[in-house]
Amino acid sequence: MQSKDSVSSLGAGGSHHAIVLGILSAVGLFALDMYLPALPTISLDLHADTHAVQASLISFFAAMAVSQIVYGPLSDMFGRKRPLYVGLVLYIIGAIGCALSNDISWLVAFRFIQGTGACAGVVIARAIVRDLHTGAAAAQLMSRLMLVFSISPILAPLAGSIVTMFGNWRLIFWVMVFAGVVGFVAGRFFLEETRPVAARSESSLGGALKAYGTLLKDPYYLGLVLMASFGMSSYMIYVANSSFVLIGHYGLSPSFYSVVFSVNAVGFIGMSQMNGWLARRIGLRKVIRGAVSGYALTMLALAVVMVGGVDRLDIMAAFLFAGYAFLGMIVPNAAVLALEHHGRIAGTASAMMGTVQFMTSALVVGIGGMFMDGTARPMVVVIAICSAIVLLLSIAVLKSRHVVAAE
């Protein structure tokens, strides 16, 4: 196993882990983003309204949220790889079901199955990062992981648009099946087991319940998890509504929509890659505090501008690019700090983190969807509210000595 402390240990081995773990995480995110350009088409083909089609996205969120509670403890008890295989098989089955669905209800149901499997790669990848590293080294590997799997929001919508040139929206889900197979092969042949048998002997069902109790009593952990959760929710509300706003309201073509959608991911990725460098020089706490301030100010300013009567795509895109760039430094650092003191139950801690993130996203997308009117303003207001919550949480959490010690 690699050194827990040395950032220099993130050489070739670190790159290898980042690539494999990024692929496993990207499988789930691929399923989230790739079919976005096809949502209006799915609505017409299955004779479903906007809210019904968005339910397929919410069911995916909900499945990922609930299932992570199970995968985390299982990965602590049986190792990281076996639960991963189970999840990838479920993911593939769900994608096949989606491709064959002729009714919106079946699509929503199979998206739930797909989400149940997709979350395995996400939660187990974070646990493996904690198995290998802590501190600045973990932040650097987490940022490399963010680089690899954050490419999916750029490539997935573009790939979805390209796929629809050769077939209908169902072909998108067949491509997801292929992605699931690639993830399975990568995990089986290119990823070693990082949870030794000796460590597994300390884990049990009763221990998992106790571990969840421990995490629920840790306000520092919960605060950091909620910061990351509402931050990601501000992105997911954009994911859920961007195709309807950009295509329906602003009149973009599906292909150009994919380009505009992807620009925000570029800022997110670029800033996330500064984490390792900044963390070594000024500390995780200062990095995340500055990022939260920039993120909240940017998103709140966007809401003020658009509610004030400015309804321009270029202005909205510029603000979102800056805001999500700051978010790229919040999410990985919050994850590192939250897991810092829970190495013995890293799988369980990662699972709860993912559960809270996806439950929060499902709640925000569900409630926000009630106020969407096809324009950008309701979406922008919900994003601003999420950013304000993140700012308030940071004021309460980042001043604690517990977090300072984690640096």
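Residues numbered from 1 in each chain as written. Predicted model: local features only at pLDDT ≥ 70, side-chain atom pairs only at ≥ 80, totals over all residues. Heavy atoms only, no water.

## A word on the side chain of Thr375
Heads up, the rule is: Working definition: helices are DSSP H or I runs of at least four residues, strands are E runs of at least two. Numbering for both runs from the N terminus. As used in this structure description, the phrase polar contact means that two N or O atoms lie within 3.5 Å; if the pair is within protein, one of them must be able to donate a hydrogen and the other to accept it, and residues adjacent in sequence are counted only when both atoms belong to side chains. Two residues qualify as a contact provided that any one of their heavy atoms is within 4.5 Å of a heavy atom in the partner residue.
Mapping Thr375 onto the fold places it in the loop between helix 15 (346-369) and helix 16 (377-397). A polar contact of 2.6 Å, which involves the side chain of Thr375, links it to the side chain of Asp373. Setting aside anything within four residues of it in sequence, one finds Thr375 in contact with Val245 and His249.

## Let's talk about the nonpolar core
Going by this rule: Nine residue types can take part in a nonpolar core, namely buried Ala, Val, Leu, Ile, Met, Phe, Trp, Tyr and Cys, and a core is a set of them joined through side-chain atoms within 4.5 Å. For every residue, the accessible area (1.4 Å probe, protein chains only) is compared with the maximum for its type, and the residue is labelled buried under 20%, exposed over 50%, or partly exposed between those bounds. A domain assignment, automatic or from a database, supplies the domain bounds used here.
Tyr35, Met176, Tyr235, Tyr238, Leu246 and Met316 are the most contacted members of the largest nonpolar core, which has 121 residues in total. Split by domain, the residues of this core number at least three in each of domain 1 (13-202) and domain 2 (203-399).

## What to know about helix 14 (residues 313-339)
The criterion, for reference: Under the convention used throughout, the expected extent of a helix is 1.5 Å for every residue step, that is, one less than its residue count.
Taking 1.5 Å of rise per residue, the 27 residues of helix 14 would be expected to cover 39 Å, and the 38 Å separating its terminal C-alpha atoms lies within 8% of that figure. Burial analysis of helix 14 places 19 of its 27 residues in the buried class, the great majority of the element.

## A closer look at the packing of helix 3 (residues 50-78) against helix 4 (residues 81-100)
The criterion, for reference: The convention used is that axes are lines fitted to C-alpha atoms, helices contributing only their stretch in contact, and that angles between N-to-C directions extend from 0 to 180 degrees. Reported orientations rely on four angle classes, namely roughly parallel under 35 degrees, roughly antiparallel over 145, roughly perpendicular from 65 to 115, and oblique for the rest. Three classes are used, and their members are as follows: Ala, Val, Leu, Ile, Met, Phe, Trp, Tyr, Cys and Pro are nonpolar, Asp, Glu, Lys and Arg are charged, and the others, Gly among them, are polar.
Helix 4 packs onto helix 3 with a crossing angle of 140° between their chain directions and a minimal axis gap of 8 Å. Considering their axes alone, helix 3 and helix 4 lie oblique with respect to each other. Contact with helix 3, carried on its side by Tyr71, Leu74, Ser75 and Phe78, involves Arg82, Pro83, Val86, Gly87 and Leu90 of helix 4 and no other residues of that element. For the contact of helix 3 with helix 4, the per-class residue count stands at six nonpolar, two polar and one charged.

## Some words on helix 7 (residues 169-190)
Since there are 3.6 residues in each turn of an α-helix, residues three or four apart along the chain are aligned in direction. Across its 22 residues, helix 7 extends 32 Å between first and last C-alpha, which sits within 8% of the 32 Å expected from 1.5 Å per residue. All buried positions along helix 7 are accounted for by Trp169, Arg170, Ile172, Phe173, Met176, Val177, Ala179, Gly180, Gly183, Ala186 and Gly187. At the N-terminal boundary of helix 7, the capping side chain belongs to Asn168, with an oxygen 3.0 Å from the backbone nitrogen of Arg170.

## Some remarks on the packing of helix 10 (residues 219-249) against helix 16
If you want to describe how two helices pack, look at the angle between their axes and the distance between the axes. Put simply, helix 10 and helix 16 touch, their axes get as near as 9 Å, and they point 170° apart. With respect to helix 16, the axis of helix 10 lies roughly antiparallel. Residues of the contact of helix 10 with helix 16, tallied by class, amount to 16 nonpolar, seven polar and no charged.

## Let's talk about the pattern of salt bridges
To be explicit about the condition: The salt bridge definition used is simple: a Lys or Arg side-chain nitrogen within 4 Å of an Asp or Glu carboxyl oxygen.
Across all of its chains, the model carries two salt bridges by this definition. Of the charged contacts, one joins Asp45 and Arg170 as a salt bridge, the two residues approaching to 3.8 Å between their closest N and O atoms. Here Asp45, found in helix 2 (residues 39-45), pairs with Arg170, found in helix 7; they are 125 residues apart in sequence, far enough to count as distant. Overall, Asp45 belongs to the partly exposed group, its relative accessible area being 38%. Its relative accessible area of 17% is what places Arg170 among the buried residues. For Arg312, the salt bridge identified is with Asp314, shortest N-O distance 2.6 Å.

## What about the confidence of the model for the protein chain?
When pLDDT is low, close inspection of the predicted coordinates is not appropriate. Put simply, the rule reads: Within a predicted model, pLDDT stands for the predictor's per-residue confidence, ranging from 0 to 100.
Looking at the protein chain as a whole, its pLDDT mean stands at 82, while 85% of the residues score no less than 70. Scored below 50 in pLDDT, residues 1-13 makes 34 contacts in the model with residues more than four places away or belonging to other chains. The low-confidence segment residues 403-407 (pLDDT under 50) makes 14 contacts with residues lying over four places distant or belonging to another chain.

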